[in-house]
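# Chains, contacts and geometry: an overview
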Amino acid sequence: FPSHDTAAATPKQADSVRQLLLERLLGLSPLFAKALYLLGEEFSLVDCTMLPLLWRLPKFGIELPKSAKDIQKYMERHFARPSFQASLTDTEREIRL
């Protein structure tokens, strides 16, 4: 990834990072299709890390294509979890209103 200093990033650099993130997520699509959770049959730290990132995709200006059905299903399933919803701040909830 280019520099993590988003304040100094040019629009072209930001677009490049968005595209790279989208490509990497789409590359992980087979993992989302295999099981309820990313590493198998149990909720893990990998899910705890991935879900907040996926929640924030609209804020980053990233829209998943229709072909990312498995990722969308994973998101819907886990975003509906009471524990996930309880973890969101008011500001985070506004991202997906």
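Just above, that's the structure.
Worth saying up front: this structure is predicted, and the values here are computed from it rather than measured.

Bringing helix 1 (residues 11-27) into the picture now. Under the 1.5 Å per step criterion, the end-to-end length of helix 1 is 24 Å for 17 residues, consistent within 8% with the ideal 24 Å. Regarding helix 1, the residues found buried are L21, L22 and L25. Considered in projection along helix 1, the buried side chains sweep an arc of 100° and stay on one side of the axis. Exposed and facing more than 90 degrees away from the buried side of helix 1 are K12, R24 and G27. Structurally, helix 1 contributes buried residues whose contacts are with helix 2 (29-34), helix 3 (45-55), helix 4 (57-60) and helix 5 (69-79).

So, about the pattern of salt bridges. A side chain with one charge may pair with a side chain of the opposite charge, provided their charged atoms come close. Taken as a whole and assessed by the stated rule, the structure comprises two salt bridges. Between R56 and E92 there is a salt bridge, with its nearest N and O atoms 2.2 Å apart. Of this pair, R56 sits in the loop between helix 3 and helix 4 while E92 sits in helix 7 (residues 90-95); the two residues are 36 residues apart in sequence, bridging distant segments of the chain. Look at R56 and you get partly exposed, because its relative accessible area is 24%.

Definitions and limits used
- Residues numbered from 1 in each chain as written.
- Predicted model: local features only at pLDDT ≥ 70, side-chain atom pairs only at ≥ 80, totals over all residues.
- Heavy atoms only, no water.
- Helix = DSSP H or I, 4+ residues; strand = E, 2+ residues; numbered from the N terminus.
- Expected span 1.5 Å × (residues − 1).
- Buried < 20%, exposed > 50% of the residue type's maximum accessible area, 1.4 Å probe, protein only.
- Arc of directions from axis to C-beta.
- Contact = heavy atoms within 4.5 Å.
- Salt bridge = Lys/Arg side-chain N within 4 Å of Asp/Glu carboxyl O.

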